[in-house]
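Analysis of the macromolecular model
Listed below are the residues making up each chain.
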Amino acid sequence: MPAEGLLAWSWLLIALPLAGAAILLLGGRRTDRWGHLLGTGTVVAAFVIGLLGTIQLAGLDKKSVGVDLFTFINVGSLDVRAGLLFDPLSAAFVLLITGVGALIHIYSIGYMAHDPGRRRFFAYLNLFVAAMLLLVLGNSFVALYVGWEGVGLASYLLIAFWYTRPAAATAAKKAFIMNRVGDVGLALAIFLMFSQLGTTSYAGVFGSIGTLAGGTITAIGLLLLLGACGKSGQFPLQAWLPDAMEGPTPVSALIHAATMVTAGVYLIARCAPIYDHTPTARTVVMLIGAITLLIGAIAGCAYDDIKKVLAYSTVSQIGYMFLAVGLGPAGYVAGLAHLYAHGFFKAGLFLGAGSVMHAMNDSVDMRRFGGLWKKLPITFVTFSLGYLALIGFPFLSGYWTKDAIIEAAFDRGDTLGYVLGGVAVFAAGLTAFYMTRLMLMTFFGPPRWEEGVHPHEAPPVMTAPMIVLAVGSVGAGFALVRAFPLGTWLAPVFGEPKETTHVLAPLTLTLVLVAVMLLGVGLAWLFVGRREVPVIAPARVSPVVRAARNALYADTVNESLFMRPGQWLTRALVFFDNRGVDGAVNGMAATLGGSSARLGRAQTGFVRTYALGMLGGAVLVAGALLAVTAG
Amino acid sequence: MTLTYYLVLAAMLFTIGAVGVLVRRNAIVVFMCVELMLNSANLTLVTFSRAHGTVDGQVMAFFVMVVAAAEVVVGLAIIMSIYRTRRSASVDDANLLKY
């Protein structure tokens, strides 16, 4: 139904941060003094609009509001209207993006206070928020794609924010290229929809998807999944996400933990009507999620870089969400609830990590931390709450949302369900292990600080968002699962939540999960907390640890499978171009030039030589004439 | 009186002229040899004109003479100016215009 009242103005959600980015980028240095305030203001304003719009939406009977804006593309039979779709799903994402986004903008005011490029940073952050809101609010796949590319661009700009560091520039390029691999899949899926259905709007595609052949639907589903894998750092495109930690920490918190990387989950949840028709693609989504959550958890156990551990944890947690949305109707709500809870606690953890780095002269090596709980009390408390939420400590966020996913996996009731559930339980244990290891190495034990480091607590402008996010980490799970169930709110999108018969009694599963969590914590204490942590990582380690330190050789595989053959191909092409194409052209020119130079020697300047030539020529012509006429 | 004698005479004159052009160095002599070749051609034209009983060949011969007269004027002028600048009338010395 068309929008009325405030919802008709929901385009402001996108326009405000976009205008902020434009003003800050075009305004140049004269906006340096107040640029961060404008950047934060636009996002806070967007949050208020989003909140009021959501309240209005809650009061409507039909919970799906369209805002038609203008004709975007009109060529032949392709008619794409630029429009927004405000429904419970997009409203949930809008609140997450603008809410967490606003908190991280506020935090960045303090975090980037001494950076000369702070205005540019806020401009890029605003650009990101605008693109991300377009991604979730667009009412067609084309609008989604524009937002999708926009967040990719913003992510690239922000990873390479400190572009003078070679590592950051390389990481940004890596992220951009691996995202392009996924984006090709998404683009192909949209092409396929247009060629088969003649439309790219959500309403049109979802309304007529059932008329297609099964194979075509599966192809669309798998191509969409490829796009989602690229953006969300899922297997086999997960390698870019940990490298993306080269960007400033607020970027890691906002883009590479809470919002952008969850776009893949949004895409698959939004395309639920497509996946309803293709169990094959849905199973693949599930398997990708299970593989990724295991890879991320294993790699997270071995790194010493605090941000990389959190990055692999993000990869792993998004794996859980993929597993959930791959489970179908039973998992959508669980997956999105986990997405929400994860947005809170992972953003809080990253901001905490940023606060620790702030205190430790931007060091990220956990082997040089230790004993920080006394020096950074607020960071310690907020970080601990995020940690407990992540490992699924009873009654905190992760406990409600992650357990729901694992429960849904077991509820499939078949062998695959048991395998996936088992993998998820195992990875939950690993999660408890690596996060406890991180906590022990960072906050406990004797200080192993480098010389000249004097840890100090961050200013209130940084700690306040951390406190808010910590409260979210504690309460979000209970709020979304029990108090204001997300399932009821999302019912207009995914259908009413129905009572399922549980394979395992919920209490049994909870006890198992708590036991596994305690086992992980205990093992971490046994391996890390009980002994002295060496300042330099031990070189002699088992093959398992070595594989985990190399993130299960994902980069090696990518390099040997794609990068090297690509280099060979380009080298062969350059050789062919230089020797083959250029050789033919240059060779012909050289032949002509050489022969003309040789022919030129005939011009001796002696008149009598020319006369002889003329005579000879005349004799030849006469002889030829005679031969022709006589013969 | 047969045609052959005239034609053989013309051929001999032409050959003498051609050989003179090729072997002599003095520009004036070369020039005279060229004139000899032109006149041998004229003789051939007139001979055939007579044999066929038409005047075409004679007309052509007049044209050749006119052209030859003009050529002499231009040619001698060039030879004179070359001789004045280079103090030589040898055609082999005037070989600057080459590759």
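1. Let's talk about the overall build of chain A
Helix and strand counts for chain A stand at 25 helices and 2 strands. In terms of its C-alpha atoms, chain A occupies a principal-axis envelope of roughly 120 × 65 × 60 Å. A total of 631 residues make up chain A; the buried ones form 52% of that total. In chain A, once contacts between residues fewer than 6 apart in sequence are set aside, the share between residues at least 24 apart is 81%. Taken as a whole, chain A presents about 26,400 Å² of accessible surface, with 70% of it coming from carbon and sulfur. Between the centroid of the 40 positive side chains of chain A and the centroid of its 30 negative side chains there is a distance of 9 Å.

2. As for the interface of chain B and chain A
Frequently, the measure chosen for interface size is the accessible area that the parts lose on association. Contacts between chain B and chain A engage 13 residues on the former and 12 residues on the latter. Of the roughly 1,100 Å² buried between chain B and chain A, counting both surfaces, carbon and sulfur atoms make up 61%. It is L22(B), D92(B) and Y99(B) in chain B that bury the most area against chain A; as a group they hold 53% of the surface buried on that side. Across the contact surface, chain B and chain A share 1 salt bridge. Linking chain B to chain A there are 3 residue pairs in polar contact (both at pLDDT 80 or more).

3. Notes on the layout of surface pockets
All names here are of chain A. By volume, the largest pocket is sized at about 1,200 Å³. What lines the largest pocket is a set of 31 residues, and nearest its centre among them are A330, A404, E407, T500 and H502. Put simply, the parts of the chain that give the lining of the largest pocket at least two residues each are α15 (329-359), α17 (397-410), α19 (460-483), α20 (486-489) and α22 (506-529). In terms of residue count, the dominant contributor to the lining of the largest pocket is α17 (6 residues). Its volume calculated, the second largest pocket comes out at about 940 Å³.

4. What to know about the nonpolar core
Formed by 189 residues in total, the largest nonpolar core has its most connected members in F141(A), L224(A), I274(A) and L336(A). The contact partners of L224(A), leaving out residues within four places of it in the chain, are F141(A), L186(A), A189(A), M193(A), L267(A), C271(A), I274(A) and Y275(A).

5. Considerations on the pattern of salt bridges
Residue and element names in this part refer to chain A. With the rule as written, the count across this model stands at 15 salt bridges over all chains. D243 is paired through a salt bridge with K308; the nearest N and O atoms lie 3.8 Å apart. Here D243, found in helix α9 (residues 240-243), pairs with K308, found in helix α14 (residues 306-326); they are 65 residues apart in sequence, far enough to count as distant. Through salt bridges with shared partners, one network takes in K174, D243, K308 and D555.

6. Things to note about empty space enclosed by the protein
Residue and element names in this part refer to chain A. Counting across every chain of the model gives 2 cavities of 30 Å³ or more. Estimates place the volume of the largest cavity at around 60 Å³. For the largest cavity, the full set of lining residues is I391, G392, Y399, K402, D403, A428, L513, V514 and M517. Only α17 and α22 provide two or more residues apiece to the lining of the largest cavity. What the second largest cavity holds in volume is close to 40 Å³. In terms of lining, the second largest cavity is formed by L89, A92, F93, L336, Y340, L486 and L490. Those elements that place two or more of their residues in the lining of the second largest cavity are α3 (88-111) and α15. Across the lining of the second largest cavity, the residue classes break down as 7 nonpolar, no polar and no charged.

7. A short note on a nonpolar patch on the surface
All names here are of chain A. Together, L6, W9, W11, V44, V48, L51, L52, I55, L69, F70, F72 and V146 make up an exposed nonpolar region whose accessible area comes to about 1,000 Å². For the nonpolar patch, the elements supplying multiple residues, two or more each, are α2 (35-58) and β1 (65-75). It is α2 that contributes the most residues to the nonpolar patch, 5 residues altogether. Secondary-structure assignment places V48 in helix α2. A residue is classified by how much of its surface remains accessible, and V48, at 40% relative accessible area, is partly exposed.

8. Examining α19(A)
Within α19(A), the axis deviates most sharply at G475(A), by approximately 45°. As for α19(A), its buried residues are in contact with α3, α15, α16 (377-391), α17 and α20 of chain A.

9. With respect to the domain arrangement of chain A
What the domain assignment reports for chain A is domain 1 (289-536) and domain 2 (603-631). Relative placement of domain 1 of chain A and domain 2 of chain A: their C-alpha centres are 99 Å apart.

10. Brief notes about the environment of A602(A)
Among the structural elements, A602(A) can be located in the loop between α24 (554-600) and α25 (607-630). Among the residues examined, A602(A) registers a relative accessible area of 51% and is labelled exposed.

11. Some thoughts on the state of the cysteines
Taken as a whole, this structure holds 0 disulfides over all chains when the rule is applied. Here C271(A) stays free of any disulfide, with the sulfur of C229(A) as its closest cysteine sulfur at 13 Å.

12. A short note on the environment of A353(A)
All names here are of chain A. Its place among the elements puts A353 in helix α15. With relative accessibility at 0%, the residue A353 sits in the buried group. Sequence separation between A353 and K307 is 46 residues; the distance between their C-alpha atoms is 7.0 Å. Not counting residues within four places of it along the chain, the set of residues in contact with A353 comprises I306, L310 and F383.

13. Considering the packing of aromatic side chains
Residue and element names in this part refer to chain A. Tallied over the entire structure, the rule returns 23 aromatic pairs over all chains. With a centroid separation of 4.9 Å and 75° between ring planes, the pair formed by F93 and Y266 is classed as edge-to-face. Of the two residues, F93 sits in helix α3 while Y266 sits in helix α11 (residues 263-270), which places them 173 residues apart along the sequence. This pair shows no difference in class: F93 is buried, exactly as Y266 is. When the ring of Y332 is compared with that of F494, the centres are 4.7 Å apart and the planes differ by 10°; the resulting orientation is stacked. Placement of Y332 in helix α15 and of F494 in helix α21 (residues 491-494) is noted, with a sequence separation of 162 residues between them. When its relative accessible area of 16% is taken as the criterion, F494 is described as buried. Connected via pairs of aromatic rings, a cluster forms that spans W373, F380, F383, F443 and F444. Positioned above the aromatic ring of F176 is the side chain of R180, whose terminal nitrogen or guanidinium carbon lies 4.2 Å from the ring centre.

14. With respect to the confidence of the model for chain B
When pLDDT is averaged along chain B, the result is 91, and 99% of the positions lie at 70 or above. As a predicted assembly, this complex carries a pTM of 0.79 together with an ipTM value of 0.87.

Cut-off values and rules
- Residues numbered from 1 in each chain as written.
- Chains lettered and ligands numbered in written order.
- Predicted model: local features only at pLDDT ≥ 70, side-chain atom pairs only at ≥ 80, totals over all residues.
- Heavy atoms only, no water.
- Helix = DSSP H or I, 4+ residues; strand = E, 2+ residues; numbered from the N terminus.
- Buried < 20%, exposed > 50% of the residue type's maximum accessible area, 1.4 Å probe, protein only.
- Contact = heavy atoms within 4.5 Å.
- Areas by Shrake-Rupley, 256 points an atom, 1.4 Å probe, with all protein chains shown as cover.
- Lys, Arg positive; Asp, Glu negative; His and termini not counted.
- Charge placed at Lys NZ, Arg CZ, Asp CG, Glu CD.
- Buried area = accessible area lost by both parts, 1.4 Å probe.
- Salt bridge = Lys/Arg side-chain N within 4 Å of Asp/Glu carboxyl O.
- Polar contact = N/O pair within 3.5 Å; in protein donor to acceptor, adjacent residues only side chain to side chain.
- 1 Å grid on protein atoms, 1.4 Å probe; cavity = no way out; pocket = protein on both sides within 12 Å on 5 of 7 lines; lining within 4 Å.
- Points joined across faces, edges and corners; volume = space filled by probe spheres on them.
- Core = buried A, V, L, I, M, F, W, Y, C linked by side-chain atoms within 4.5 Å.
- Nonpolar A, V, L, I, M, F, W, Y, C, P; charged D, E, K, R; others polar.
- Patch = residues over 30% accessible without salt bridge, like charges linked within 9 Å, V, L, I, M, F, W, Y side chains within 5 Å.
- Bend = angle between axes of the 7 residues up to and from the residue.
- Domains from an automatic or database assignment.
- Disulfide = S-S within 2.5 Å.
- Phe/Tyr/Trp six-rings, centres within 6.5 Å; stacked < 30°, edge-to-face > 60°.
- Lys NZ or Arg CZ within 6 Å of the ring centre and 35° of its normal.
- pLDDT = per-residue confidence, 0-100.

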